[in-house]
Amino acid sequence: MALLTWNESLSVNVRDIDEQHQKLVGMLNLLHEAMGKGQGKDVLKTLLGDLARYTVTHFANEEAYMKRFDYAELAAHKAEHEALKSKVVELKARFEGGQTMLTVETMNFLKNWLTDHIQGSDKKYTPCFIAHGLK
Ligand code: FEO
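Predicted model only: the values in this text are computed from it and were never measured.

Turning next to the packing of helix α1 (residues 15-36) against helix α4 (residues 104-120). Running from amino to carboxyl end, α1 crosses α4 at an angle of 170°, the nearest separation of the two axes being 11 Å. The angle between α1 and α4 places the two elements in the roughly antiparallel class. On the side of α1, the interface is formed by His21, Leu24, Val25, Leu28, Leu31, His32 and Met35, while α4 contributes Val104, Met107, Leu110, Lys111, Leu114 and Ile118. Tallied by class, the residues present in the contact of α1 with α4 amount to ten nonpolar, two polar and one charged.

If you want it as structure tokens, here you go:
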């Protein structure tokens, strides 16, 4: 069973950002599934690396829009992104350093962070992005 299922409550009503969020949800589910199946360290390491890289790409895309549209909450939003990036870097480092258990708590943390961030912070930029022509 998927860790997180995409649904309309996660939509920010901007197509390309929704697609990026759906991809993140999919990657999180792949990692969760691999963990549940007891996949080897190499598989988990690859999936964790993919998730970390795509998270950075997605955050950079959002921040580029915010900058271009002079979004008032860019600094606060970016700080949230930075906090998660640090957490994922730490997680990756621990994993690569031999602490190869990805725990249920870790997966729930990532799931809750993504859900709370999309619903709490990402949705706030929707009026700004739409006013600047995104759809
Ligand atoms: Fe979709 Fe602010 O991350």
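Here the focus is the confidence of the model for the protein chain. Looking at the protein chain, pLDDT values average 93 and 100% of them are 70 or higher. Mean pLDDT across the elements of the protein chain ranges from a minimum in helix α3 (residues 74-96), with 91, to a maximum in helix α5 (residues 126-131), with 98.

The next point concerns the nonpolar core. Counting 37 residues, the largest nonpolar core has Leu31 and Phe129 as its most contacted members. In terms of residues, this core owes the most to one element, helix α2 (residues 41-68), which gives nine residues. Setting aside residues up to four positions removed in sequence, phenylalanine 129 forms contacts with Val14, Ile17, Glu62, Tyr65, Met66, Phe69 and Leu134.

Further remarks concern empty space enclosed by the protein. Within this structure, the stated rule accounts for two cavities of 30 Å³ or more. The space that makes up the largest cavity amounts to roughly 120 Å³. When contributions to the lining of the largest cavity are tallied by element, the ones reaching two or more residues are α1, α2, α3 and α4. The biggest single contributor to the lining of the largest cavity is α2, with four residues. Class assignment for the residues of the lining of the largest cavity results in ten nonpolar, one polar and no charged. Here the second largest cavity is characterised by a volume of approximately 40 Å³. In terms of lining, the second largest cavity is formed by Leu91, Arg94, Phe95, Gln99, Met101, Leu102 and Thr106. Partitioned by chemical class, the residues of the lining of the second largest cavity number four nonpolar, two polar and one charged.

Reading the values: rules and limits
- Residues numbered from 1 in each chain as written.
- Predicted model: local features only at pLDDT ≥ 70, side-chain atom pairs only at ≥ 80, totals over all residues.
- Heavy atoms only, no water.
- Axes fitted to C-alpha atoms, helices over the stretch in contact; angles between N-to-C directions.
- Helix = DSSP H or I, 4+ residues; strand = E, 2+ residues; numbered from the N terminus.
- Parallel < 35°, antiparallel > 145°, perpendicular 65-115°, else oblique.
- Contact = heavy atoms within 4.5 Å.
- Nonpolar A, V, L, I, M, F, W, Y, C, P; charged D, E, K, R; others polar.
- pLDDT = per-residue confidence, 0-100.
- Core = buried A, V, L, I, M, F, W, Y, C linked by side-chain atoms within 4.5 Å.
- Buried < 20%, exposed > 50% of the residue type's maximum accessible area, 1.4 Å probe, protein only.
- 1 Å grid on protein atoms, 1.4 Å probe; cavity = no way out; pocket = protein on both sides within 12 Å on 5 of 7 lines; lining within 4 Å.
- Points joined across faces, edges and corners; volume = space filled by probe spheres on them.

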